Amino acid sequence: MQAAPETDLLSDQQATEVLSPGVYVHTFGCQMNVYDSDQMVRSLLEEGFEPVLSPSEAELILVNTCSIREKAEQKLLSVLGVYRRYKEEGSSVLICVTGCVAQQEKARLLKKAPFVDLVVGPDNVHRIAELVRWRREENRPVVEVDFTRPDQYRFAKAVPRAGIRKASAFVTIQKGCDKACTYCIVPFTRGREVSRPYEEVLAEVERFVDAGVREISLIGQNVNCYAGGCSFSGLLHRVAATPGLERLRYATSHPSEMGEDIFEAHRSIDILCPHLHLPVQSGSDRVLQMMRREHSASDYLHKVARLRESNPGIALTTDIIVGFPGEREEDFDATMSLVEQVRFTNMFSFVYSDRPRTWACRHGDELGRVDSKTAIERLERLQARQREISSLEAGKWRGQDVEVLVEGPSKKDSSRRQGHTAHNWMAHFSATDEQAPVGAIARVRVERTSHVGLSGHLVGIVSWPMRSGDSHA
Ligand code: SAH
Ligand code: SF4
Ligand code: F3S
């Protein structure tokens, strides 16, 4: 066979580059979605797709959705309205809705948005490349929202992207949720809890650390119930033994599942960060009962005290819902009082939102709905007080040196760098890329603080990131 002339080969390569279809991903929601989006992009890259920075350049747009509150769902419809215009202007782009709204709405989504090409639930995102191919061949919408049987569920393997240095990475250890909090849609959209075998978790952590990642966050909706061949505290000890790993975090914890073995892990594992996100939802036992949270306010306070005995100075953050049906003024006062006692460093707070199929949605009228003016007024009061507490807590760091894991340039000012302290404060400081590269642990003198974080200057580098070819042995 005759070799093709060199020029032909070149033009062939150029043609392939030009023909690589572009994929654009728009991710809403929690860390589980961020992780799923990464997995989808990875499998589409293997299929010949290239990531593009603008949806207008894409031939496939993935919208990975969240339905935790009604607002999140409305956001989906408004972004779909924008993407629809590309089609109206003649683009052959495929629009694919994945994630929790896809699971909740299933084929109904095609009625609301008939221009959508694929609807893919969270249990099927690992099949994205195959489903896109199928959509192209069949030329009709694809709806894939069946849950995989828990005993057959396989976790997608995350592989660090070549050439991209990251300071930290999420590793999924569990999918779904077997709790039944009465306001929550997650058990309906993510299905039964399944734990990932610990050997897979350890292998994934090693892959990331070998690629230069220094901080791992183990993620799941209810990580304390992990059962992938060992207990959750057993997993923390195993992961912490990974050579080269500098920081370990996890989320999200359920207060009723926090036991002595986890408090002990916070005492004995030195790379386990002194920060815990422990959603309390309310400070009123009446409301906690209606929420079916399986803990009382005093149980929560007791666990906080045990944690602080194990690891004095541990920073706590939380989630709170105000305006749950039946919440009275005295219930809200109990929440304010709990917030006063715990002194969270940060809080995510929300007005209760009715979610389809949940118990609270079905029984909200009987319990007595809180009107939105009252709920918003409570939320504002809570947030105002939390801002003060966060400012005071952050202020304790003023004048001190903190260790910051460098994530990259500051989003506010590209001449500065940003990262998190072990206590999970966002920190900004003056330094160049060479002085504080991604993955370095920088010592920063804190000069100013606010309710959202710390700001200061570089004092020195505690440890440099691994260079390729370095070994942890
Ligand atoms: N699995 C985690 C978090 C789940 S969702 C946990 O159990 O804590 C994140 C937060 O969204 C919840 O902690 C809760 O505060 C909030 N949330 C969930 N459903 C909600 C609803 N229907 N209305 C308002 N906020 C809600
Ligand atoms: Fe939702 Fe409760 Fe499960 Fe968290 S623990 S995901 S709030 S049901
Ligand atoms: Fe949202 Fe689904 Fe996560 S509802 S918070 S994306 S599990």
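Description of the structure in this document. (Residues numbered from 1 in each chain as written. Chains lettered and ligands numbered in written order. Predicted model: local features only at pLDDT ≥ 70, side-chain atom pairs only at ≥ 80, totals over all residues. Heavy atoms only, no water.)

## A look at the pattern of salt bridges
Step number 1: Counted under the stated rule, the structure contains 39 salt bridges.
Step number 2: A salt bridge links Arg84 to Glu88, with the nearest nitrogen and oxygen atoms 3.2 Å apart. Here the residue Arg84 and the residue Glu88 both occupy positions in helix α3 (residues 70–88), the gap between them amounting to four residues, near one helical turn.
Step number 3: Residue Arg84 is classed as partly exposed on the basis of its relative accessible area, which comes to 37%.
Step number 4: Close ionic contact of Arg417 with Asp433 constitutes a salt bridge, the shortest N to O distance being 3.3 Å. Within this pair, whereas Arg417 is found in strand β16 (residues 416–421), its partner Asp433 is found in the loop between β17 (426–430) and β18 (441–450), the two being separated by 16 residues in sequence.
Step number 5: Assessed through its relative accessible area of 5%, Arg417 is described here as buried.
Step number 6: Members of the salt-bridge network, linked through shared partners, are Glu327, Glu329, Glu377, Arg378 and Arg381. (Salt bridge = Lys/Arg side-chain N within 4 Å of Asp/Glu carboxyl O. Helix = DSSP H or I, 4+ residues; strand = E, 2+ residues; numbered from the N terminus. Buried < 20%, exposed > 50% of the residue type's maximum accessible area, 1.4 Å probe, protein only.)

## With respect to the nonpolar core
One broad rule of soluble globular proteins: the nonpolar side chains tend to lie buried together.
Step number 1: The biggest cluster of nonpolar side chains holds 55 residues, and the ones touching the most others in it are Ile216, Leu218, Phe232, Leu235 and Tyr250.
Step number 2: For this core, the element with the highest residue contribution is helix α8 (residues 198–210), accounting for six residues.
Step number 3: Ignoring sequence-local partners within four residues, the contact set of Tyr250 consists of Leu218, Val223, Phe232, Leu236, Met258, Ile262, His266, Leu272 and Leu276.
Step number 4: Core analysis: the next-biggest nonpolar cluster, separate from the first, contains 25 residues, Phe28, Ile61, Val97 and Leu110 among them. (Core = buried A, V, L, I, M, F, W, Y, C linked by side-chain atoms within 4.5 Å. Contact = heavy atoms within 4.5 Å.)

## Things to note about the site of ligand 3
Step number 1: Lining the immediate surroundings of ligand 3 are Cys30, Asn33, Thr65, Cys66, Ser67, Ile68, Cys100, Val186, Arg190 and Gln221.
Step number 2: Here the shell around ligand 3 is composed, by residue class, of five nonpolar, four polar and one charged.
Step number 3: The residues that make up the shell around ligand 3 include at least three from each of domain 1 (7–146) and domain 2 (151–395). (Near = heavy atom within 4 Å. Nonpolar A, V, L, I, M, F, W, Y, C, P; charged D, E, K, R; others polar. Domains from an automatic or database assignment.)

## A closer look at the sheet that holds strand β13 (residues 315–322)
Step number 1: Read across the sheet, three strands follow the order β12-β13-β14 without closing on themselves; strand pairing throughout is parallel. Strands at the two margins of the open sheet, each flanked by one partner only, are β12 (275–277) and β14 (346–351). Each strand of the sheet is rotated relative to its neighbour by a mean of 10 degrees, with strand direction disregarded. (Pairing = 2+ DSSP bridges. Axes fitted to C-alpha atoms, helices over the stretch in contact; angles between N-to-C directions.)

## Re helix α9 (residues 232–240)
Step number 1: Counted residue by residue, α9 has seven buried out of nine residues, so it is predominantly covered.
Step number 2: All of the buried residues along α9 are Phe232, Ser233, Gly234, Leu235, Leu236, Val239 and Ala240.
Step number 3: Contact partners of the buried residues in α9: α8, β10 (215–219), β11 (247–251) and α10 (260–268).

## A few points about the state of the cysteines
Step number 1: By the definition in use, this model includes zero disulfides.
Step number 2: Of the cysteine sulfurs around Cys96, a residue in no disulfide, the closest is that of Cys100, at 14 Å.
Step number 3: According to the relative accessible area criterion, Cys100 is buried, its value standing at 9%. (Disulfide = S-S within 2.5 Å.)

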